[in-house]
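Here is how the chains run, residue by residue.
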Amino acid sequence: MKYYFNLLIQSDGTAEVTGVDAPATTAQNNLTIDQKAPGANSEPKGEASKPQQGSGWTMWIMLGLIFVVMWFFMIRPQRKQQKELQKFRDALKKGDKVVTIGGIYGTVVELKEHTVLIEVDNGVKIRVSKQALIKDFSESQQ
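Residue indices begin from 1 for each chain and proceed along its sequence in written order. Per-residue local features are limited, in this predicted model, to residues with pLDDT of at least 70; the limit for side-chain atom pairs, both in listing and counting, is 80 or more; totals at the level of whole chains, interfaces and linings are taken over all residues. Values reported for side chains reflect all heavy atoms of the structure, with hydrogen atoms and water molecules removed beforehand.

A. Examining the overall build of the chain more closely. Scanning the chain from terminus to terminus reveals three helices and seven strands. Listed by position from the N terminus, the elements making up the chain come as β-β-α-α-β-β-β-β-β-α. A 1.4 Å probe rolled over the protein chains alone gives each residue an accessible area, and that area as a share of the maximum for its type sets the label: buried under 20%, exposed over 50%, partly exposed in between. The proportion of buried residues among the 142 residues of the chain is 12%. Throughout, the Shrake-Rupley method with a 1.4 Å probe supplies accessible areas, and for residues the shown protein chains are the sole cover considered. When the accessible surface of the chain is split by element, carbon and sulfur atoms take 57% of a total near 12200 Å². Secondary structure counts use DSSP, requiring at least four H or I residues in a row for a helix and at least two E residues in a row for a strand, with both numbered from the N terminus.

Here is the structure:
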């Protein structure tokens with residue numbers, strides 16, 4: 001069994017329920033509320049309706065700080081390492097121990113402008129690009 005009721009909302013926000021156990025007709029089931037309850041406005045009043053001041057500047061400051069932190073911790077050390085590696089490649093001379101980026105250990109035998117001839121074993125020599133060489137740190141770690 002279904003129970004039907006009538007709900008009357010007054011302008012002061014109070015509600016009155018009538019006819020709780022009386023069955024309603026189809027017309028009584030349709031409920032329309034034309035008036036909003038007090039304080040239920042969707043438009044905020046006063047200072048809450050104003051946009052926050054400085055929120056745009058705060059975003060740009062935070063983005064700038066993120067960039068500065070990334071530069072100090074990532075880009076700057078990498079550039080420093082690249083400069084040291086370039087100094088090493090420019091200062092290569094015969095007899096220096098080197099490692100290729102492929103992991104081949106050898107000793108410099110001959111230098112040209114862009115290439116280096118390295119000896120990897122007795123009588124075994126290979127020619128590689130200077131850009132493919134890094135310093136051999138194996139002797140300094142032992």
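Still to come is the rest of the account.
B. Summary view of helix α2 (residues 55-90). Between its first and last C-alpha, α2 extends 51 Å over 36 residues, near the 52 Å set by a 1.5 Å rise per residue. One axis is fitted to the seven residues ending at the residue and one to the seven starting there. The bend at that residue is the angle between these axes. The largest bend in α2 is about 45°, located at Trp-71. A helix is expected to reach a length of 1.5 Å times the quantity of its residues less one.

C. Spotlight on the sheet that holds strand β6 (residues 124-129). Two strands qualify as a pair provided that DSSP identifies no fewer than 2 bridges between them. Taken together, five strands build an open sheet; the order of strands is β6-β5-β4-β3-β7 and the sheet is antiparallel. Each end of this open sheet is capped by a strand with a single partner; those strands are β6 and β7 (133-135). With strand direction ignored, the average angle separating the axes of adjacent strands in the sheet is 50°. Relative to strand β4 (residues 105-111), strand β3 (residues 97-100) is paired through three bridges, and the arrangement is antiparallel. Bridge pairing links Lys-97 to Thr-107 in β4. Across the sheet, α2 lies against β3 and β7, angled at about 100° from β7, the strand it touches most. To define axes, lines are fitted to C-alpha atoms, for helices over the stretch in contact only, and angles between the resulting N-to-C directions are given on a 0 to 180 degree scale. We call two residues in contact whenever any of their non-hydrogen atoms come within 4.5 Å of each other.

D. Molecular detail of the pairing of strand β2 (residues 15-18). As paired elements, strand β1 (residues 6-9) and β2 share four bridges and run antiparallel to each other. Of the residues in β2, the one forming a bridge with Ile-9 is Ala-15. The loop that links β1 with its antiparallel partner β2 comprises five residues; one of these, Gly-13, has a positive phi angle of about 95°.

E. Examining the pattern of salt bridges more closely. Whenever a carboxyl oxygen of Asp or Glu lies within 4 Å of a side-chain nitrogen of Lys or Arg, that contact is scored as a salt bridge. Summed over all chains, the structure comprises three salt bridges. A salt bridge links Asp-96 to Lys-93; its shortest N-O distance comes to 3.4 Å. On the basis of relative accessible area, Lys-93 is assigned to the exposed category, the value being 51%. Between Glu-110 and Lys-112 there is a salt bridge, and its shortest N-O distance comes to 4.0 Å. Residue classification places Lys-112 among the partly exposed positions, given a relative accessible area of 46%. Sharing partners across several salt bridges, the network here consists of Glu-110, Lys-112 and Arg-127.

F. Representation of the pairing of β4 within the structure. Counting the residues between successive antiparallel strands, the hairpin from β3 to β4 contains four residues, one of them, Gly-103, with a positive phi of roughly 95°. The sheet contact formed by β4 and strand β5 (residues 115-121) spans four bridges and is antiparallel. Pairing of Val-108 across the sheet is with Ile-118, part of β5. Hairpin connection between β4 and β5: a loop of three residues separates the two successive antiparallel strands.

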